[in-house]
Amino acid sequence: MNDDLLGIKGKKSPRFIYYLGDRPKLVLQSVVKNVYKRYAHMFIGIEGGKWLDEMENITARYLYGHEEYEITDSSFDGIIRLIYTRSDKLDAMLIKVELPDSIKNKLVIVTAGENGAASSQPTGGNTAGLEFTIADTAACNVKIYNNIFRISGTDDISICGTASIPMDYSVKDASLYGKSVDDLLGSNGGTYPIIAGRTVGNTDNEIYFLLTTEHSDNKYIEEFRTNAEEIFDSGINYYKSVSEAVKMNTPDPSLNACMISQMVASDASWDWPSITHGPMGWHVAFGGWRSHYGFVDAGWGDRIKINAKQFMETQNDNGRIWVYPYADDRYNMNIVLVDGLLHYWEWSGDNNFFAEEGGYDFVAGHLRFMDSSMQVPGTNLYENWLDAWNTDNKWNNGGAGSIATAYTWRAYSTMARLAAGLGKIEDSVKYQRKADMIKADMNEQLWDADIGVFGEYRERFGYGRLNTAPDLSSVYTPIDMGLTTSEQACQMLYYTDYAIPSIENQDGIWEGIDFKYSSNRLPEYYSSDGLYIQL
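Below or above, wherever it landed, is the structure these notes cover. If you're wondering where the values come from, they're calculated on a predicted model, not measured in any experiment. (Residues numbered from 1 in each chain as written. Predicted model: local features only at pLDDT ≥ 70, side-chain atom pairs only at ≥ 80, totals over all residues. Heavy atoms only, no water.)

## Some remarks on the nonpolar core
Here comes step 1: Counting 78 residues, the largest nonpolar core has Leu341, Leu342, Phe354, Met415 and Tyr431 as the members making the most contacts within it.
Here comes step 2: With 11 residues, helix α9 (residues 402-421) is the single largest residue contributor to this core.
Here comes step 3: In this structure, methionine 415 is in contact with Leu342, Tyr360, Val363, Ala364, Leu367 and Tyr431, ignoring residues within four places of it in sequence. (Core = buried A, V, L, I, M, F, W, Y, C linked by side-chain atoms within 4.5 Å. Buried < 20%, exposed > 50% of the residue type's maximum accessible area, 1.4 Å probe, protein only. Helix = DSSP H or I, 4+ residues; strand = E, 2+ residues; numbered from the N terminus. Contact = heavy atoms within 4.5 Å.)

## A word on the side chain of aspartate 91
Here comes step 1: If you trace the backbone, aspartate 91 turns up in the loop between β7 (80-86) and β8 (92-98).
Here comes step 2: A polar contact is formed between the side chain of aspartate 91 and the side chain of arginine 86, at a distance of 2.8 Å. (Polar contact = N/O pair within 3.5 Å; in protein donor to acceptor, adjacent residues only side chain to side chain.)

## Let's talk about the side chain of glutamate 114
Here comes step 1: Locating glutamate 114 in the fold gives a position in strand β9 (residues 107-118).
Here comes step 2: Of note is the side chain of glutamate 114, whose polar atom sits 2.6 Å from the side chain of histidine 41.
Here comes step 3: Those residues in contact with glutamate 114, other than ones at most four positions away along the chain, are Arg38, Tyr39, Ala40, His41, Glu131, Phe132, Thr133, Asp136 and Cys140.

## Here we look at the packing of helix α8 (residues 359-374) against α9
Here comes step 1: One way to put it is that α8 packs onto α9 with a least axis distance of 11 Å and a crossing angle of 145°. The interaxial crossing formed by α8 with α9 has left-handed handedness. Contacts from Tyr360, Val363, Ala364, Leu367, Met370 and Asp371 of α8 reach α9 at Thr408, Ala411, Tyr412, Met415, Leu418 and Ala419. (Axes fitted to C-alpha atoms, helices over the stretch in contact; angles between N-to-C directions. Left-handed = near helix turned anticlockwise from the far one by under 90°.)

## Considerations on the pattern of salt bridges
Here comes step 1: Per the counting criterion, the structure on display carries 27 salt bridges.
Here comes step 2: For the salt bridge of arginine 61 with glutamate 70, the shortest nitrogen-to-oxygen distance reads 3.7 Å.
Here comes step 3: Among the residues examined, arginine 61 registers a relative accessible area of 34% and is labelled partly exposed.
Here comes step 4: For glutamate 346, the salt bridge is made with arginine 410, and the minimal N-O distance between the two is 2.9 Å. Here the residue glutamate 346 occupies a position in helix α6 (residues 334-348), and arginine 410 occupies one in helix α9, the gap between them amounting to 64 residues.
Here comes step 5: For glutamate 346, a relative accessible area of 31% puts it in the partly exposed group.
Here comes step 6: With relative accessibility at 10%, the residue arginine 410 sits in the buried group.
Here comes step 7: Each member of the salt-bridge network shares a partner with another, and the members are Asp339, Glu346, Arg410 and Arg417. (Salt bridge = Lys/Arg side-chain N within 4 Å of Asp/Glu carboxyl O.)

Here it is, written out as structure tokens:
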């Protein structure tokens, strides 16, 4: 299954995620603090025919945050068109079905509840946690009333569904799902209940369906039954606007499409009041990672500030920022949280947030922590400590590192300008002086002029050698931070051309692509030498 992300909106907890792939089989999953549960599957078929995911010709498209399918098969005349979109009104998946005349009264839509079955995040292409398991329906109770069905279980979450037309809903036996549509329809509910809805007597070519985790008394569920098209179109338009929050117009349509999908993913990384590590996998409120920069570009400044205020509340007296809003841990990724916050100031000029809402003191406290706990003695350099996306297994053993030093230099340099803008002249002078000392030490102790790179780190003990094989994150971070000269940046990028190997035969995927390993270190090992995509 190729899981296409359909955007997520709202302040609801737990977070619900709907998955679709190349074929129209829908999965509903929840995540709270990186714990994943599965609540429903939805399948569509034709009475007297096949399940739609088994049809001969299926074209799937992911467009502006919604999924579209065109389906043809020798078993019927015409084309079936499906469009799935999240709603912007309530937590729900909305489905529009366009049917040819010959089968508009033969559509079957089947929903199986799974009662919060243990699941897993779909990272690394692993979709095993999303597969339908018949046994998971056993603990579910089903109720049908007023053209609405409700599936509940021992978990607190219930699933409701309805349609824009009168449906013939009934309870069937989920153990028959693996057989034909008619075999399932011929069964009776028992140990494994599943809801089957039939469009018997329907005369409309367009039908709308809703699947939601909201309570059945939600006003939009009732309104959907009479105003489905408007609610559906509102969802389509909302996620189109999200996907176009940042627009890219290049001669490469694939690259342009990447930005559209990336904005939906960025929006889905927002789980009020947190900017999370990832929209689906690792959907947890890490303070750092690089999501913040996309929020700045999209103009989502309010989210950036709401997220930061959580960490302000728990910041230690020594300036240490917790890893999560609710707990601390071993990471120092909040070095990136601070950089994202300062990046927001550079592009917004929001002096009020820093002067009146705690932003300035928050960053100042972080710099105190960096100086007291991460600065390498006898230098103006800083130790890398789990502070970048690929540092889980990349250790510097107390040595001065280019990543932490580059981030801290930019924080001091930006705070000098921010302080000046707030009339804090003494602070401005102090911060600029420190920034200058950091930059001087970085060029003196971490720059290798022969190779043309900032080293990964310098050994603190023993021979004090400079590791002159930086990985890609240690190449682009000093450039991103503005610490390098143009000549240094050119030399470092040239280093990646000749020193870091590329994956062979990538032109067949994307013309002219040069896809690099993260470093040239051997043996290949997670985090220190692998294949990663960073957007």
